[in-house]
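Listed here are the chains, written in short residue letters.
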Amino acid sequence: MTAAVDWARLREAAREAMAHAYAPYSKFPVGAAALVDDGRTVTGCNVENASYGLGLCAECGLVSALHAGGGGRLVAFTCVDGAGELLMPCGRCRQLLFEHGGPELLVQLPSGVRTMSELLPDAFGPERL
Ligand SMILES: O=c1ccn([C@H]2C[C@H](O)[C@@H](CO)O2)c(=O)[nH]1
Ligand SMILES: [Zn+2]
């Protein structure tokens, strides 16, 4: 799907998801939202744990929602912090997103829209197995 992405709407969906974050330890709520190639929007929020290392990034919930809702390919992605400011996904989550969106996945950042291939060059993906 190559239709123009409504980034403002996607960012708002990420903000709404962020409001549901469970981040009592870091006090750094994150919300993520992505457009799927069938037109769906999927979201996620970070969910931390008293065993700190078990915390889940917002992107984990988003990928779970993608598959729970029928699967598909991620086309455009954005995530925000507690102030609603755009956030760069962490390294682990870039790998996670690459699996489900590939190098063409569009990512909205403070510096503008970039592709996943720019954020994760020479990525290790399913085709390398
Ligand atoms: O891409 C990211 C980066 C961080 N976090 C979460 C993890 C942790 O709960 C909190 C602080 O790192 O932010 C995400 O959800 N996504
Ligand atoms: Zn992450």
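Residues numbered from 1 in each chain as written. Chains lettered and ligands numbered in written order. Predicted model: local features only at pLDDT ≥ 70, side-chain atom pairs only at ≥ 80, totals over all residues. Heavy atoms only, no water.

- Going by the annotation in an unreviewed UniProt entry, the name recorded for the chain is Cytidine deaminase, with Kitasatospora terrestris given as the source organism.
- As recorded by UniProt, the Cofactor (unreviewed entry) comment attached to the chain reads in full: "Zn(2+)".
- As its UniProt record puts it under Function (unreviewed entry), the chain is described as follows: "This enzyme scavenges exogenous and endogenous cytidine and 2'-deoxycytidine for UMP synthesis." (UniProt positions renumbered as here; feature names shortened; annotations may be inferred.)

Considering the nonpolar core
- By size, the foremost hydrophobic cluster in this structure holds 22 residues, and its most contacted members are Val42, Leu62, Leu74, Phe77, Leu105, Val107 and Met116.
- Mapped by element, the contributors of at least two residues to this core are strand 1 (31-36), helix 2 (58-68), strand 3 (74-80), helix 3 (91-101), strand 4 (106-109) and helix 4 (116-119).
- Per element, the largest residue contribution to this core is four residues, and it comes from helix 2.
- Counting 12 residues, the second-largest nonpolar core is a separate cluster that includes Trp7, Leu10, Val75 and Leu86. (Core = buried A, V, L, I, M, F, W, Y, C linked by side-chain atoms within 4.5 Å. Buried < 20%, exposed > 50% of the residue type's maximum accessible area, 1.4 Å probe, protein only. Helix = DSSP H or I, 4+ residues; strand = E, 2+ residues; numbered from the N terminus.)

Remarks on unusual backbone geometry
- Of note in the backbone geometry, Lys27 takes a positive phi value of approximately 55° without being a glycine.
- Its identity as a non-glycine residue notwithstanding, Asp122 has a phi of 50°, on the positive side.
- Within the secondary structure, Asp122 sits in the segment after helix 4.

Section: the coordination of the zinc ion (ligand 2)
- Protein coordination at the zinc ion (ligand 2) comes from Cys57 (SG), Cys90 (SG) and Cys93 (SG), with a distance range of 2.2 to 2.3 Å.
- Mapping the donors of the zinc ion (ligand 2) onto the primary sequence yields the spacing C-x32-C-x2-C.
- Relative accessible area serves as the criterion here: at 0%, Cys93 is assigned to the buried category. (Donors = N, O, S within 2.8 Å, 3.2 Å for Na, K, Ca; no water.)

Some points on the confidence of the model for the chain
- Of the residues in the chain, 98% reach a pLDDT of 70 or more, and the chain-wide mean stands at 96.
- Across the interfaces of the predicted complex, the ipTM metric reaches 0.99, alongside a pTM of 0.96. (pLDDT = per-residue confidence, 0-100.)

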